[in-house]
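Residue-level listing of the chains:
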Amino acid sequence: MTNHKPLLQENGPSHRPTPAPNRNRRGLTRRQLLTGTATAGLLTALAGTAYYGGGINRISKSAGQKVIVIGIDGMDPRLSRQMMSAGELPNLQKMSRAGGFSPLATSIPPQSPVAWASFINGAGPGSHGLFDFVHRHPEEQCKTFYSGAETMPGQGGWTIGDHQLQLDFWPFQHQPPSTVLRRQGTPFWDFLDAAGIPSTFYDLPSNYPPSPSVYGHHRCLSGMGTPDMQGSYGTYQYFSQDTPAEGVSEGGGNRARVEFDNETALVQLIGPTNSMLLKPQPVTAPIKIHRDRAANAVVLEIGEKRILLKPGEWSAWVRVPFLLSAPAPLPAQSVSGIVRFYLQEAAPNFRLYATPINIDPTAPAVTLSEPASFVGDLANDLGLFYTTGFQEDHKARTNGIFDDDEYQRQANLVLEERLALLERAVADYDDGLLFFYFSSSDLQSHMFWWDSDDPHPIRDAAAARQKFQYIRRLYQRLDQVIGELYDNYGDRATLIVMSDHGFANFGRQFNLNSWLRDYGYLGPTTCTSIMHDVDWSQTVAYGLGINGLYLNLKGRERDGIVEPGEQRALLLEELCEKLLAVRDFDDQPVIRQVYRAEKIYHGSATALAPDLIVGYARGYRASWETCLGDLTEDVLLDNTAAWSADHCCDADEVPGLLCCNRPLTINNPSLIDIAPSILAKFGLDKPSSMQGRTAF
């Protein structure tokens, strides 16, 4: 999904418990880090000494208690257990023998923003208000926004020529645009923060813009939901000679044509939107391309930088300044982005890929971390790194810019960055809570997972099996990481490995809106999109997002026609019954369960909840078109995308995973149990806002 919005300011939630002073962290320099890393290696063989045990002058209120949580997005318990039994994940197996291993009940629906928000609150969607990747404003009928954060337009302004300034101080009191964290409720780290227990989170989903720390014991680098410089969730740029002259704009990317004149070409890298203009326009930065056919190489010239690339090579990260014009006499402003290039072909068809323009962590245009300086500290130690929430460029693969192997190489670049960041995180950690997140297992599984002999959407059986090996090797790599942590800490830390959901093949897709049209719930019969040509006077229900079904309810939706009360209740009952009866051509049930929001969601944050949540059977998912309201002629279709596996089905089909070096004391643990369990490890009672139990 892409969403082109200007880069803006942020606001956060305001729920806070009461305080306790001080924090504990090392604040390492690069030299200290390297020394520490080397020392850590030495002390691996001398487990039990002070490096990982915290300094002698600790002022943390953790009393030396250590809890380390490794969040592995999408790690599947069935595959993990199978590989553990085969001896292919020895470290996970060893840790589970010391504590426990279990499927981890996930959220309804099992979508990552929803699931991680449930982990954060220790409570379900009714507490945090996230129900899908996409939400809508009912008063505007179907205006959509990313559920975790929303950019609000500015109000007022001072017009100067073709510019508009928004001054938020007296006497102007304009309201500049702002991006607001939409996750509600109290995150569990606030209770640690108030108790003086340090916590540090790396790449945490569902926390952009990062919520503030009141007492200074909490640090967080935002993850999933963090935009790129275009304000989207990742828009690559692609330059080639065979792109149509007018260019191509496609979901998650833009293609531009390259025309050489004596083996030199000039292209424009599209950066952020200048929202100071009355008519906001994107700002560009020129790239001059020099091609040497004899050497089969190119030189990219960006400002004063020159980058030599041969086919198959990636550049390092490159800083790119973007100049935003301002009204006279104010000087133009410069914001810095970072980009990496990948040369696919020099000649005869020049093909160059550029990553989404990431926000420069050394000079971030928006706040990426809490405290704001944290991301800069990381960059000082590690150099430049991906800052967008979605780092593996799955759009480049689904749009055919990358082939499978190129996508895997790019995903491995991401993983290597993550491992360097983890090394830094461990070196910087004394005690309290350390949370570290891996995305590789999710975004590679979407492409390479295929665990059956059924026909694969785009690959033959041999290729499908071969690509699935990527996932098994990735699991083994992550197992090594877990093993290193476990060897370093042993019993001196509570080590938790968890995932938010598992995975399933995605071979067939269901268009909910087309189904509603065919049964007369959505009209007219010629409707192609609920965004464009739907007749709301003929529509009692519609689908939006991946799992949501909404009634066109009077008094709630702008053009609602369904009466609250009995008509609503009867309609929901009827829809549930008919949806559960849907069968594919081979009489396979398409939908495993349909949930009524009022029965499964509890809390004060249910205003944007769908009326029904559709839980698809394994192998099925909402169609690509229906997610944003488009209709297709057929209700059931083959999934022909490279995105051949998913988790947005029924929650019982794709539980997450929990492995801990402490014995699990409850059966059937759930995502919402992790937060109260962590608090209990630090001697804190479960807050009334949490619905989970203590799991160990």
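Residues numbered from 1 in each chain as written. Predicted model: local features only at pLDDT ≥ 70, side-chain atom pairs only at ≥ 80, totals over all residues. Heavy atoms only, no water.

**Student:** What's the story with the packing of helix H9 (residues 404-427) against helix H10 (residues 440-448) in this structure? I'm lost.
**Tutor:** For any two helices packed against each other, the geometry is given by the interaxial angle and the distance between the axes. Look at H9 against H10: their axes get within 10 Å of each other, and the N-to-C directions meet at 175°. Considered as vectors, H9 and H10 are oriented roughly antiparallel to each other. Where H9 abuts H10, its residues Asp404, Tyr407, Gln408, Ala411, Asn412 and Leu415 lie against Ser440, Leu443, Gln444, Met447 and Phe448. (Axes fitted to C-alpha atoms, helices over the stretch in contact; angles between N-to-C directions. Helix = DSSP H or I, 4+ residues; strand = E, 2+ residues; numbered from the N terminus. Parallel < 35°, antiparallel > 145°, perpendicular 65-115°, else oblique. Contact = heavy atoms within 4.5 Å.)

**Student:** Where do I start with the sheet that holds strand E30 (residues 591-596) in this structure?
**Tutor:** The strand order across the open sheet built from 4 strands is E28-E29-E31-E30, with neighbouring strands paired in antiparallel fashion. Where the open sheet ends on each side, the last strands, each with one partner, are strand E28 (541-544) and E30. Strand-to-strand twist of the sheet, defined as the mean angle between neighbouring strand axes without regard to direction, takes the value 25°. (Pairing = 2+ DSSP bridges.)

**Student:** I keep staring at the confidence of the model for the protein and nothing clicks. Help me out?
**Tutor:** As a general rule, the predicted coordinates of low-pLDDT regions are not to be interpreted in detail. When the pLDDT values of the protein are averaged, the result is 91; 92% of them are 70 or greater. Scored below 50 in pLDDT, residues 20-58 shows 71 contacts in the model against residues more than four places distant or in partner chains. (pLDDT = per-residue confidence, 0-100.)

**Student:** What is the right way to look at the nonpolar core in this model?
**Tutor:** One broad rule of soluble globular proteins: the nonpolar side chains tend to lie buried together. Counting 183 residues, the largest nonpolar core has Phe341 and Phe510 as its most contacted members. Among the nonpolar cores identified, the runner-up in size contains 6 residues, and Ala597, Tyr601, Ala609 and Ile613 belong to it. (Core = buried A, V, L, I, M, F, W, Y, C linked by side-chain atoms within 4.5 Å. Buried < 20%, exposed > 50% of the residue type's maximum accessible area, 1.4 Å probe, protein only.)

**Student:** Whenever I open this one, the pattern of salt bridges confuses me. Can you help?
**Tutor:** Opposite charge on two side chains lets them pair, provided their charged atoms get close. Applying the stated criterion across every chain yields a total of 35 salt bridges. Between Arg182 and Glu150 there is a salt bridge whose closest N-O contact spans 3.0 Å. In this pair, Arg182 is assigned in the loop between strand E9 (178-181) and helix H6 (189-195) and Glu150 in strand E6 (residues 149-152), connecting sequence segments 32 residues apart. A relative accessible area of 28% means that Arg182 is categorised as partly exposed. One salt bridge in this structure joins Arg592 and Glu653, with 3.4 Å as the shortest N-O distance. Here Arg592, found in strand E30, pairs with Glu653, found in the loop between strand E34 (645-646) and strand E35 (656-660); they are 61 residues apart in sequence, far enough to count as distant. (Salt bridge = Lys/Arg side-chain N within 4 Å of Asp/Glu carboxyl O.)

**Student:** Help me understand the sheet that holds strand E14 (residues 253-257) in this model?
**Tutor:** Reading across from one edge, E13-E14-E12-E22-E21 is the order of the 5 strands in this open sheet, with mixed pairing throughout. Bordering the open sheet on either side are strand E13 (248-250) and strand E21 (341-345), each of which pairs with just one other strand. Across the sheet, the axes of successive neighbouring strands diverge by a mean angle of 15°, strand direction being ignored. Where strand E12 (residues 236-240) and E14 come together, 5 bridges link them in parallel fashion. By the bridge assignment, Tyr236 is partnered in E14 with Gly253.

**Student:** Please clarify how the side chain of Asp431 should be interpreted in this entry.
**Tutor:** Here Asp431 is to be found in the loop between H9 and strand E25 (432-438). At a separation of 3.4 Å, a polar atom in the side chain of Asp431 contacts the side chain of Ser60. (Polar contact = N/O pair within 3.5 Å; in protein donor to acceptor, adjacent residues only side chain to side chain.)

**Student:** What's the story with the packing of aromatic side chains in this structure? I'm lost.
**Tutor:** One pass over the structure, following the stated rule, counts 37 aromatic pairs. With a centroid separation of 5.6 Å and an interplanar angle of 35°, the aromatic rings of Tyr202 and Phe436 are classed as tilted. With a gap of 234 residues between them, Tyr202 in strand E10 (residues 199-204) and Phe436 in strand E25 connect regions that are remote in the sequence. For the pair formed by Tyr202 and Phe436, the shared burial category is buried. Consider the rings of Trp449 and Phe468, whose centres lie 5.3 Å apart with planes at 75°: the pair is edge-to-face. A residue pair is termed long-range when its members are at least 10 positions apart, and Trp449 in the loop between H10 and helix H11 (461-489) and Phe468 in helix H11 qualify at 19 residues. For the residue pair Trp449 and Phe468, the accessibility class agrees, reading buried in each case. Members of the aromatic cluster, connected to one another through ring pairs, are Trp116, Phe119, Phe188, Trp189, Phe201, Phe435 and Tyr437. Its guanidinium or amino end placed over the ring of Phe260, Arg291 lies 3.9 Å from that ring's centre, counting from NZ or CZ. The lysine or arginine in question, Arg621, covers the ring of Trp624, its NZ or CZ lying 4.3 Å from the ring centre. (Phe/Tyr/Trp six-rings, centres within 6.5 Å; stacked < 30°, edge-to-face > 60°. Lys NZ or Arg CZ within 6 Å of the ring centre and 35° of its normal.)

**Student:** Explain the state of the cysteines here, please?
**Tutor:** A covalent bond between the sulfur atoms of two cysteines is what we call a disulfide. Under the definition given, this model contains 0 disulfides. Here Cys527 stays unpaired: no disulfide links it, and the sulfur of Cys142, its closest cysteine neighbor, is 10 Å away. Judged by relative accessible area, Cys527 falls into the buried class, the value being 3%. Between Cys660, a free cysteine, and Cys659, which holds the nearest cysteine sulfur, the sulfur-to-sulfur gap is 7.5 Å. (Disulfide = S-S within 2.5 Å.)

**Student:** Help me understand the packing of helix H3 (residues 90-98) against H11 in this model?
**Tutor:** Contact geometry of H3 with H11 gives a least axis separation of 7 Å together with a crossing angle of 45°. Relative to H11, the element H3 lies oblique. Together, Pro90, Asn91, Leu92, Lys94, Met95 and Ala98 of H3 and Asp479, Gln480, Ile482, Gly483, Tyr486 and Asp487 of H11 make up the contact between the two elements. Each residue belonging to the contact of H3 with H11 can be placed in one class, and the counts come to 6 nonpolar, 3 polar and 3 charged. (Nonpolar A, V, L, I, M, F, W, Y, C, P; charged D, E, K, R; others polar.)

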